[in-house]
Amino acid sequence: LLPPFPFSGTLEKRSEFMGVWQPRHVELEVGILRYFKDGCAEPRGIFRAGDVFEIYASPPTTVMLRARESGGDARTYELRAASYEGMDMWVALLRKAFNMNEEAGAIAHSDYHICERRMSTASSGSSGAVSSFASQAFGRTAAVVASTVSGIAKAVGKDVWLDETVEQAKAGIADARHSFARGMEQQLEDALTRCDDGKTDMLLDKALDYGMTGDWQPAVVRRAARRAAGRTLRDATESADPQRLKGALVAARRLQAVDVPEFETAVAKYKEVRRFPEGWDVKKMIMHRQAGTKRLLHKVDLSANHTVKALVQLMFDRTMRRVETRDRAGGVPLALEVVQVCEVQNEAQWEDYLIRRENIKQDIDTSMVDTRTGRALPSDFRFAGAETEKPLSEAQALAASEDLRVKIPASAKSHGQILAPNPFSETKLLLFAPAEHDYSSDCVFAMRDLIANELPGPALETLANEAWLFHGTKPVAAESIASNNFRLDLAGSSAGALYGRGIYLAENCTKADEYCRPDPRTGLLTMLLCRTTLGKLFYSAEVKPDTRICEQACLTGDCHSVLGDRKACRGTFREFCVFDEDQVYPNYLVNYRRVMPGVG
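Definitions and cut-offs
Residues numbered from 1 in each chain as written. Predicted model: local features only at pLDDT ≥ 70, side-chain atom pairs only at ≥ 80, totals over all residues. Heavy atoms only, no water. Helix = DSSP H or I, 4+ residues; strand = E, 2+ residues; numbered from the N terminus. Contact = heavy atoms within 4.5 Å. Core = buried A, V, L, I, M, F, W, Y, C linked by side-chain atoms within 4.5 Å. Buried < 20%, exposed > 50% of the residue type's maximum accessible area, 1.4 Å probe, protein only. Pairing = 2+ DSSP bridges. Axes fitted to C-alpha atoms, helices over the stretch in contact; angles between N-to-C directions. Left-handed = near helix turned anticlockwise from the far one by under 90°. Nonpolar A, V, L, I, M, F, W, Y, C, P; charged D, E, K, R; others polar. Expected span 1.5 Å × (residues − 1). Salt bridge = Lys/Arg side-chain N within 4 Å of Asp/Glu carboxyl O.

Colleague: Explanation requested: the side chain of R356 in the structure shown.
Modeller: Structurally, R356 can be placed in helix α10 (residues 347–367). Beyond its immediate sequence surroundings of up to four residues, R356 is in contact with H560, D580, D582 and Q583.

Colleague: Before we go on, may I ask you to explain the nonpolar core in this structure?
Modeller: Inside soluble globular proteins, nonpolar side chains tend to come together where they are buried. By size, the foremost hydrophobic cluster in this structure holds 54 residues, and its most contacted members are L233, L249, F263, Y270 and L534. When sequence neighbours within four positions are dropped, the list of residues in contact with Y270 reads P242, L245, K246, L249, F276, V282, L296 and E347. In this structure, Y439, M447, W468 and Y592 belong to the second largest nonpolar core, which totals 44 residues.

Colleague: Looking at this structure, I do not really get the pairing of strand β14 (residues 428–432). What am I missing?
Modeller: Regular strands place their side chains on alternate faces of the sheet. For β14, the buried fraction is high: four of the five residues fall into the buried class. Bridge count for strand β13 (residues 417–421) against β14 is five bridges, and the pairing is antiparallel. The residue bridging A420 from the neighbouring strand is L429, located in β14. In sequence, β13 turns back onto β14 through a hairpin of six residues.

Colleague: What exactly am I supposed to notice about the packing of helix α6 (residues 242–254) against helix α7 (residues 261–274) here?
Modeller: When two helices pack together, their arrangement is captured by the angle between the axes and the distance separating the axes. The geometry of α6 relative to α7 is characterised by a closest axis approach of 10 Å and an angle of 145 degrees between their N-to-C directions. Between α6 and α7 the crossing geometry is left-handed. Two secondary-structure elements touch here, α6 through P242, L245, K246, L249 and A252 and α7 through F263, A266, V267, K269, Y270, V273 and R274. Of the residues belonging to the contact of α6 with α7, the class tally is nine nonpolar, no polar and three charged.

Colleague: How should I be thinking about the sheet that holds strand β6 (residues 62–67) in this particular structure?
Modeller: Where strands meet in a sheet, backbone hydrogen bonds hold them as pairs that are either parallel or antiparallel. Taken in spatial order, the seven strands line up as β4-β3-β2-β1-β7-β6-β5 in an open sheet, and their pairing is antiparallel. The open sheet is flanked by β4 (45–48) and β5 (52–58), the only strands paired with a single partner. Across this sheet, the average inter-strand angle for adjacent strands is 30 degrees, counted without regard to direction. Bridge count between β5 and β6: six bridges; the pairing is antiparallel. Residue A57 lies in a different strand from β6, and its bridge partner there is V63. Strand contacts of helix α1 (residues 84–97): β1 (7–14), β2 (21–29), β3 (32–36), β5 and β6, with the helix running at about 165 degrees to β5, the strand carrying the most contacts.

Colleague: Can you help me understand helix α5 (residues 219–239) in this one?
Modeller: Each α-helix winds once per 3.6 residues, and so residues spaced three or four apart point in a common direction. Given a rise of 1.5 Å per residue, 21 residues ought to cover 30 Å, and the 30 Å separating the end C-alpha atoms of α5 matches this to within 8%. Looking at α5, one finds that the buried residues are V220, V221, A224, A225, A228, A229, G230, R231, L233, A236 and T237. Phi turns positive one or two residues past the end of α5, at A240, with a value near 60 degrees.

Colleague: What is the right way to look at the pattern of salt bridges in this model?
Modeller: It is possible for side chains of opposite charge to pair when their charged atoms get near one another. This structure, assessed with the given rule, holds 36 salt bridges. For E29, the salt bridge is made with R34, and the minimal N-O distance between the two is 3.2 Å. Relative accessible area serves as the criterion here: at 24%, R34 is assigned to the partly exposed category. A salt bridge links E507 to R574, with the nearest nitrogen and oxygen atoms 2.9 Å apart. Of this pair, E507 sits in the loop between β17 (503–506) and α13 (509–513) while R574 sits in strand β21 (residues 574–578), placing them 67 residues apart in sequence. On the accessibility criterion, E507 (1% relative accessible area) is buried. The buried category is assigned to R574, whose relative accessible area is 14%.

Colleague: How do you make sense of the environment of D73 when you look at a structure like this?
Modeller: Along the polypeptide, D73 turns up in the loop between β6 and β7 (75–80). Given a relative accessible area of 69%, D73 falls into the exposed group. Along the sequence, D73 and D51 sit 22 residues apart, while their C-alpha atoms lie 9.9 Å from each other.

Colleague: I keep staring at unusual backbone geometry and nothing clicks. Help me out?
Modeller: Most peptide bonds are trans, and most residues other than glycine sit at a negative phi. For the bond running from F5 to P6, omega is -5 degrees, close enough to zero to count as cis. In this fold, P6 is placed in the segment before β1. The linkage connecting P59 with the following residue, P60, adopts the cis geometry, with an omega of 15 degrees. With respect to the helices, strands and loops of the structure, P60 is situated in the loop between β5 and β6. A positive phi angle is found at R275, which is not glycine, with a value near 60 degrees. Note that R275 resides in the loop between α7 and α8 (282–287).

Structural data, given as structure tokens:
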């Protein structure tokens, strides 16, 4: 029996751009299907009657949907269920919802069932020996423990020391463990000799399940682990399938076999297919992965990289505007001094960000108009022109000037601040002394060795209207965002939602600083420096904008973000608001301190 309409549940949708599976909340009723990203109120896609042409199953768990979305071209959408039965149920529900003939697109599952039965039979046959052996080995342990308990009871009754009985229990357990290990070694050696990969893998899983790791891992188990890891990594690399690659890399870590040659090759291939930025350390992401989670996350402290730190400081200095708004508590600081920069390498957030950026690029490309000289953006398209662009251009000019030199006095300290003249303006440059010098005497450095010419990672996508923007919040919230993403359900909880319930970002560090709070332990504040895909901007220079109009322009209209020009109407700051957390990637955590007037 099928559940009644309306029906909702979770399916994984495969991205054509990245080839990854993303969980989607699906709502289905007669003649309409909507799918959402978790936490989003507006659907990512809608299919209505007439949009769906074919529905069929692709075992073991994938639902294939041939349809067109928003009047576009027809294509095939892959939706993965949690089980074979779930796939069958969703196929039947979809056909019923769109009044399709059940024979349309149907496939015979008999071959799959036969294969499934064969796999089950083979698995049960090879696992019987280990199950029997394990039950015998640990059965002996249970018998020893039972005997020990009886001995303890007698001993207590006679009021004597229990040391001897406890030692007997320990010896019995140790004997059982050694018996199990010997039996496992014999079976693994036999499987390796006969090149029986299936049995080797199964025995290896059993060995790890029973704790044969670390110092208690026999040589034959280590040999089997390396062989299994190498084979799995090699096959995954050849397939170039991101899911298989990730599984093989995680399995290699579990098998304590990350030193096999195939591991580095698989890491490089995984980095390629996932389109990770060049500097990301995938090996450390794998090694730092927490048990029980699918997330790969690594936060890299770049504070020792004095050139990147100097560039971030330049972005702070050049976007600093001493303007006070009603959101600021306390006076406006004279400056913000960067103390620590941490790069966020978050696999899941980066994938979601790239996919959303590509979708927005496609939206913009579709809206381009044909002219006699080629294709052009529509007349109402506005580039962000964020103020963060200026310091980045300045840094490129500084790093490109081969003749610029900076003298660092002997009194300087490693990582200490240096004020240097700026050849392009009257302002000073705040740089940081490299760590590899002892500064026993004056040192002279080329300017390009003191400041980076760009932030690590790929260049910004101009067509997607991508920009570097600041987001201010509490230190604990910044850490949570970097690990788990923004939460739209908390939008506006800090300082209202003038342009709607979205994620607010600023081109000026002073504006973002208004919402930052010091860490009670260190006194430092934390700001996020974010890659942001703005797409087509909805521009508002109204003093009291209509929140509903701003939201609908992005949620149901053809815009992707709001540019609230408070600089034009109030003389304060421009603010940017997006209504999809996938349009913002929290690339850097920046810890800093405020320099207040009359202090220090």
